Amino acid sequence: MCPEEEVSPQKKMRLEEVPLTHVNGKVTILMVTSPILSHPSTELMERVVSSFSLVSSLSSCNMLLLADGAKCGKFRPKRGMVPTDMVTNYSMYLDKLEELVENAETDSIWSRTKVIRMSEHLGFGHVVLHGLKLATTEYVMVLQHDHPFSIKFSINPVMEFMDSNKANYVSLPISTVWRHVNRCSSMHQIDLRAKAVTFGRGRFIPILFWYDGTHVARRDTYIKLVFEGEQALPLGHFIEDTFSQWVMGLLREDYEKWFPVFSMFMFQPDEEKEEALIFHLDGRNYRTDGERRELGWGDNPGGAGVT
């Protein structure tokens, strides 16, 4: 009998059934928020959280709702500066979120949520760092306040894949991540789909960029790579603007050398369908459903039943 051909786990691994994982003991949700024009309304945040029902087991996790600090000034949100009325409305919005937490039913994720206010503007990256230091689980899921889930899928394969393959980062992709995969092939001659790992009914495709958008990551490694490494993220910055650019440069130069260091993938729940798991509601320009109706527009997509 001929010996079976050895297939690299990097290229292909198939499991007929992926075992269930106790997600709530392994993952802490880090939800990042900051001032937007629709505050003090909590509609956008509630819409995003209501979309958790699309992802099996996610609502059983604990959530740290991390509110970046803001100061009065001209409208320069990336610097944490917004007009006085927006600062006031933001504070009222956070008060309302705390009321949601206090009054939540025991089976609601809001009952397992803590609202944490930063004392000053830190920027997205260092707000995430604050949450990473507070969390105690092996993994975190990082979300932004205007990125709801768009389709039903299970998070269990992500946890099993990260456990068995020692992946550091898995993007739950918005359409931008799929464009990244296409551009790597067309512009950089790196066929990432060919390097995909089949896992259960889905697959994990390597990527070259650490996106700020919704992702699951290994908490300790997150701190070491992004905040304590050679290119430690400066205060006030998005991860995508500095660290991610450096990482992509390394991977384009020598993929085989650097990919095991960063070990970043995107998750495709159904290997037959290339679809986004997240969509963007554009928090900066978000209008509540009530405001949209007054303008003669339709309601916002996603989060049916949120008022």
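Residues numbered from 1 in each chain as written. Predicted model: local features only at pLDDT ≥ 70, side-chain atom pairs only at ≥ 80, totals over all residues. Heavy atoms only, no water.

> Requested: an account of the sheet that holds strand β6 (residues 113–117), with residues and values cited.
Spatially, β6-β3-β1-β7-β12-β9-β13-β11-β10 is the arrangement adopted by the nine strands of the open sheet, whose pairing is mixed. In the strand order of this sheet, the two ends are held by β6 and β10 (197–199), each with one partner. Strand-to-strand twist across the sheet, computed as the mean angle between neighbouring axes with direction ignored, equals 25 degrees. (Pairing = 2+ DSSP bridges. Helix = DSSP H or I, 4+ residues; strand = E, 2+ residues; numbered from the N terminus. Axes fitted to C-alpha atoms, helices over the stretch in contact; angles between N-to-C directions.)

> Can you explain the environment of His 280? Please cite residues and give values.
Relative to the elements of secondary structure, His 280 occurs in the loop between β13 (264–268) and α9 (289–294). Assessed through its relative accessible area of 44%, His 280 is described here as partly exposed. With 255 residues separating them in the primary sequence, His 280 and Gly 25 have C-alpha atoms 28 Å apart. When sequence neighbours within four positions are dropped, the list of residues in contact with His 280 reads Asp 146, His 147 and Ile 174. Separated by 3.0 Å, the side chains of His 280 and Asp 146 make a polar contact. (Buried < 20%, exposed > 50% of the residue type's maximum accessible area, 1.4 Å probe, protein only. Contact = heavy atoms within 4.5 Å. Polar contact = N/O pair within 3.5 Å; in protein donor to acceptor, adjacent residues only side chain to side chain.)

> Can you lay out the pattern of salt bridges for me, pointing to particular residues and giving the numbers?
Enumeration according to the criterion identifies 12 salt bridges in this entry. Glu 274 is the salt-bridge partner of Arg 193, the closest N and O atoms lying 2.8 Å from each other. Highlighted residues: Arg 193 in the loop between α5 (175–188) and β10 and Glu 274 in the loop between β13 and α9, separated in sequence by 81 residues. Exposure remark for Arg 193: the relative accessible area of 24% places this residue in the partly exposed category. We classify Glu 274 as partly exposed; its relative accessible area is 43%. Between Lys 195 and Glu 256 there is a salt bridge, with the nearest N and O atoms lying 3.8 Å from each other. Of the two residues, Lys 195 is situated in the loop between α5 and β10 and Glu 256 in helix α8 (residues 255–262); the sequence distance between them amounts to 61 residues. (Salt bridge = Lys/Arg side-chain N within 4 Å of Asp/Glu carboxyl O.)

> Break down the nonpolar core for me, citing the residues and quoting the values.
Judged by nonpolar contacts, the single largest core of 95 residues is most densely connected at Phe 52, Phe 149, Ile 155, Val 158, Leu 172 and Tyr 222. With residues near it in sequence (within four places) discarded, Phe 149 still touches Ser 51, Phe 52, Leu 54, Val 55, Leu 58, Met 141, Leu 143, Leu 172, Thr 214, Leu 277, Ile 278 and Phe 279. (Core = buried A, V, L, I, M, F, W, Y, C linked by side-chain atoms within 4.5 Å.)

> How would you explain helix α1 (residues 43–50) if you had to name every residue and give the values?
Residues spaced three or four apart along an α-helix face the same direction, because each turn holds 3.6 residues. Summarising burial for α1: six of the eight residues are buried, a large majority. By the burial criterion, the buried members of α1 are Glu 43, Leu 44, Met 45, Arg 47, Val 48 and Val 49.

> So what's going on with the packing of helix α3 (residues 124–134) against helix α6 (residues 219–227)? Residues and values would help.
At a minimum axis distance of 10 Å, the contact between α3 and α6 shows a crossing angle of 145 degrees. The crossing of α3 and α6 is left-handed. Residues Gly 125, His 126, Val 128, Leu 129 and Leu 132 of α3 touch α6, and the partners they reach there are Arg 219, Tyr 222, Ile 223 and Phe 227. In terms of residue class, the contact of α3 with α6 is made up of six nonpolar, two polar and one charged. (Left-handed = near helix turned anticlockwise from the far one by under 90°. Nonpolar A, V, L, I, M, F, W, Y, C, P; charged D, E, K, R; others polar.)

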